[in-house]
Amino acid sequence: MRSRWFSALLLFAFLCSLSACKGEAHTLLLSPFTAALSYTEADTAFEGVFTMKSAQSMQLLLRAPRNLQGLQFVFSGGKTELRFGDVVLSASDAEALGLPPLSAGALFEALCALGDTPFSAADTRTAEVPTKRGTARVVFSDDPLLPKTAELGGVTFSFKNAETFS
C-alpha cells in the first residue's frame, strides 16, 4: 500500500514539474527610451536614432541612407508625420508622393500600444501587437525592459544600445 502512495506521489511531483516548464506570463509596461535603430525596407538600409518620450510621443531621426539624412518620422497624438527642415507631410501624403516606406509608422503604432497599457509577455519576453499593417512581434531585453527587435510585415527593426530616461 505504501509503495502505491509513494508511486502516486512521485507521479504527481513529476507532472507538476512538467507543468512548471510552461512559460509564465508577466505584466509589463514599456518605459521611455532612446536607441540606435536599423532596418531594411524596399532594398534600402535605414539607420537612425529612435526616441520614445511617451506612448504618444516618438520620433526616428534618420542618419542613413545619406540622401535621407535628417529626415524625421514623428509620432504625436496618434498620427505619423515626416519632417525635413521646414517641410512637414502627413504619412498618407508621403505615401501618395512615393516617399520612403512607412513601416516606421506601424512601429510607432505597436510601441504606442505597449507603452499605453500594461501588456502580458511570456518568459520569452515577446509581445504580439496588432497594427494597421499586420501583427508586430516585439522581443524585449530582460532588465530593464527595452525592445531588442520588432518584426512587422517582413521588416525587422533592430534596437541597439537602448537606454531608459525620465
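So, how was this worked out
- Residues numbered from 1 in each chain as written.
- Predicted model: local features only at pLDDT ≥ 70, side-chain atom pairs only at ≥ 80, totals over all residues.
- Heavy atoms only, no water.
- 1 Å grid on protein atoms, 1.4 Å probe; cavity = no way out; pocket = protein on both sides within 12 Å on 5 of 7 lines; lining within 4 Å.
- Points joined across faces, edges and corners; volume = space filled by probe spheres on them.
- Helix = DSSP H or I, 4+ residues; strand = E, 2+ residues; numbered from the N terminus.
- Nonpolar A, V, L, I, M, F, W, Y, C, P; charged D, E, K, R; others polar.
- Phe/Tyr/Trp six-rings, centres within 6.5 Å; stacked < 30°, edge-to-face > 60°.
- Buried < 20%, exposed > 50% of the residue type's maximum accessible area, 1.4 Å probe, protein only.
- Expected span 1.5 Å × (residues − 1).
- Pairing = 2+ DSSP bridges.
- Axes fitted to C-alpha atoms, helices over the stretch in contact; angles between N-to-C directions.
- Contact = heavy atoms within 4.5 Å.

Brief notes about the layout of surface pockets
Put simply, the largest pocket is a space of about 330 Å³. What lines the largest pocket is a set of 14 residues, and nearest its centre among them are Thr80, Ala91, Gly105, Glu109 and Lys132. Among the secondary structure elements, those contributing two or more residues to the lining of the largest pocket are β6 (79–84), α2 (91–96) and α3 (103–116). Split into classes, the residues belonging to the lining of the largest pocket amount to four nonpolar, five polar and five charged.

Overview of the packing of aromatic side chains
One pass over the full model with this rule turns up seven aromatic pairs. Pairing tyrosine 39 with phenylalanine 46 gives two aromatic rings, centres 5.0 Å apart and planes at 15°, and the pair type is stacked. Summarising the burial analysis for this pair, tyrosine 39 and phenylalanine 46 share the class buried.

Comments concerning α3
Given a rise of 1.5 Å per residue, 14 residues ought to cover 20 Å, and the 20 Å separating the end C-alpha atoms of α3 matches this to within 8%. Taken across its 14 residues, α3 has eleven buried, putting it largely inside the fold. Of all the residues in α3, the buried ones are Ser103, Ala104, Gly105, Ala106, Leu107, Phe108, Ala110, Leu111, Cys112, Leu114 and Gly115.

Digging into the sheet that holds strand β4 (residues 57–64)
Hydrogen bonds along the backbone pair up the strands of a sheet, which may run parallel or antiparallel. Taken in spatial order, the ten strands line up as β7-β6-β5-β4-β3-β2-β12-β11-β10-β9 in an open sheet, and their pairing is antiparallel. The open sheet has two edge strands with one neighbour each: β7 (87–90) and β9 (126–131). Neighbour-to-neighbour, the strand axes of this sheet turn through a mean angle of 20°, independent of strand direction. Strand contacts of α3: β2 (33–41), β3 (44–54), β4, β5 (72–76), β6, β9, β10 (134–140), β11 (147–152) and β12 (155–164), with the helix running at about 120° to β9, the strand carrying the most contacts.

Description of the pairing of β4
When β3 meets β4, the two strands line up antiparallel, connected through seven bridges. Opposite methionine 52, over in β4, you have methionine 58 as the bridge partner. In sequence, β3 turns back onto β4 through a hairpin of two residues. Two elements, β4 and β5, share five bridges in a ladder whose sense is antiparallel. Within β5, the residue paired with leucine 60 across the bridge is phenylalanine 73.

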